[in-house]
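Summary of structural features
Spelled out from the first residue to the last, the chains are:
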Amino acid sequence: MKKQVKSSNVFGEKQKRIIAKTLINLRELNFLTQTDIAKQLHLSSSTISHYEKGLTVPPTEVVYRLAEFYNVTTDYILGKVQVRQILMKLML
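Summary of the structure given here.

Thresholds, definitions, all that
- Residues numbered from 1 in each chain as written.
- Predicted model: local features only at pLDDT ≥ 70, side-chain atom pairs only at ≥ 80, totals over all residues.
- Heavy atoms only, no water.
- Helix = DSSP H or I, 4+ residues; strand = E, 2+ residues; numbered from the N terminus.
- Buried < 20%, exposed > 50% of the residue type's maximum accessible area, 1.4 Å probe, protein only.
- Contact = heavy atoms within 4.5 Å.
- Expected span 1.5 Å × (residues − 1).
- Phe/Tyr/Trp six-rings, centres within 6.5 Å; stacked < 30°, edge-to-face > 60°.
- Arc of directions from axis to C-beta.
- Salt bridge = Lys/Arg side-chain N within 4 Å of Asp/Glu carboxyl O.

Here's the deal with the overall build of the protein
- Scanning the protein for helices and strands turns up 7 helices and 0 strands.
- Along the protein, helices (α) and strands (β) appear in the sequence α-α-α-α-α-α-α when read from the amino end.
- Classification of the 92 residues of the protein by burial places 29% in the buried group.
- Nonlocal contacts in the protein, meaning residues at least 24 apart in sequence, comprise 54% of its contacts between residues at least 6 apart.

Points about helix α2 (residues 13-29)
- Between its terminal C-alpha atoms α2 stretches 24 Å, which fits the 24 Å expected from 17 residues at 1.5 Å a residue.
- Phenylalanine 31, located one to two residues past α2, shows a positive phi value of around 55°.

Regarding the packing of aromatic side chains
- For the coordinates displayed, the defined rule picks out 1 aromatic pair.
- With a centroid separation of 5.1 Å and 75° between ring planes, the pair formed by phenylalanine 69 and tyrosine 70 is classed as edge-to-face.
- The exposure class of phenylalanine 69 is partly exposed, given its relative accessible area of 32%.
- Using a relative accessible area of 9% as the deciding quantity, one classes tyrosine 70 as buried.

A few points about helix α3 (residues 34-41)
- Along α3, the positions that sit buried rather than exposed are Ile37, Ala38 and Leu41. Viewed end-on, α3 has its buried residues packed into an arc of 100°, placing them on one side of the element.
- Histidine 42 sits one or two positions beyond α3 and adopts a positive phi of about 60°.

Here's the deal with unusual backbone geometry
- Located in the positive-phi region is phenylalanine 31, a residue other than glycine, with phi close to 55°.
- Following the sequence through the fold, phenylalanine 31 ends up in the loop between α2 and α3.
- Not every positive phi belongs to a glycine, and asparagine 71 is a case in point at roughly 60°.
- As for its placement among the helices and strands, asparagine 71 is situated in the loop between α5 (60-70) and α6 (74-77).

A few points about the pattern of salt bridges
- Counted according to the given criterion, the structure contains 3 salt bridges.
- Close ionic contact of arginine 27 with glutamate 52 constitutes a salt bridge, the shortest N to O distance being 2.7 Å. Taken together, the positions of arginine 27 in helix α2 and glutamate 52 in helix α4 (residues 45-53) put the pair 25 residues apart, joining distant regions of the chain. When sorted by exposure, arginine 27 lands in the same class as glutamate 52, which is buried.
- The closest approach of N and O atoms between glutamate 61 and arginine 65, which form a salt bridge, is 3.1 Å. Of this pair, glutamate 61 and arginine 65 both sit in helix α5, 4 residues apart, which is roughly one turn of that helix.

Okay, here's the thing in structure tokens:
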């Protein structure tokens with residue numbers, strides 16, 4: 001039987017910090033509170049807080065919903081796309 005891997009084990013501490021900072025930046029750029037995001041995604045405020053502190057990594061479904069909500073890619077939330085690349089796309 002295969003052992004199930006928790007998402008928090010997949011990401012290193014650096015990656016967790018990148019995801020956390022990205023989520024904070026997106027929320028603040030949109031002038032929203034953690035409570036606002038929690039209500040929109042039907043999650044608890046403490047869950048959003050844990051994501052933003054890097055204590056837990058959002059599961060795939062939540063990353064997808066966050067990307068849709070903020071109108072960004074999942075790669076952006078996961079720190080796989082540089083801001084520079086996004087700005088270049090916007091200029092085209």
